[in-house]
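Residue-level listing of the chains:
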Amino acid sequence: MIGKNTSLGAINITLNRPAEEFEGSTSAQYNIEASEGFEVEGMVSGLISDKVRDRAVGDYRDVDVWVRNSVTGEDIKKAEDVTARIMLDVDITENVTPGFMYQRSDFDRKGKA
């Protein structure tokens, strides 16, 4: 691994691969504190055929942050995020399994960071 002995450390992000058997999950949450809003996530994974496995993941988040313009009375910070990812593993031979991934994210932000 590159960076394991660096003075500041290293970050390694590993995505879950498509599963051999069907699996799925969903979650939803609603926040009522300073960043009022909700988030919904879902995932399905499994075999498409004997040699092809897929994994589809989606996330939707809509949050209003408590930053109000005291002159206009308007909320000036809001975030609406949508992310989707599809992964495919294809068994070409016993020792060759390429993976394909497509990910799309759309971040709609209003207000300063």
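Structure first, text after, so check above.
Computed from a predicted structure; not experimentally measured.

(A) Layout of the pattern of salt bridges. Throughout the structure, instances matching the rule amount to five salt bridges. Taking the shortest distance from any N to any O, the salt bridge between Arg53 and Asp91 comes out at 2.8 Å. Of this pair, Arg53 sits in strand E3 (residues 52-65) while Asp91 sits in the loop between strand E4 (78-90) and strand E5 (99-110), placing them 38 residues apart in sequence. Between Asp81 and Arg61 there is a salt bridge, with its nearest N and O atoms 3.5 Å apart. Note that Asp81 is positioned in strand E4 and Arg61 in strand E3, a separation of 20 residues in sequence. For Asp81, a relative accessible area of 5% corresponds to the buried category. Counted as one network, the salt bridges with shared partners bring together Glu20, Arg53 and Asp91.

The rules behind these values
Residues numbered from 1 in each chain as written. Predicted model: local features only at pLDDT ≥ 70, side-chain atom pairs only at ≥ 80, totals over all residues. Heavy atoms only, no water. Salt bridge = Lys/Arg side-chain N within 4 Å of Asp/Glu carboxyl O. Helix = DSSP H or I, 4+ residues; strand = E, 2+ residues; numbered from the N terminus. Buried < 20%, exposed > 50% of the residue type's maximum accessible area, 1.4 Å probe, protein only.

By themselves, these observations are geometric and do not establish any function.
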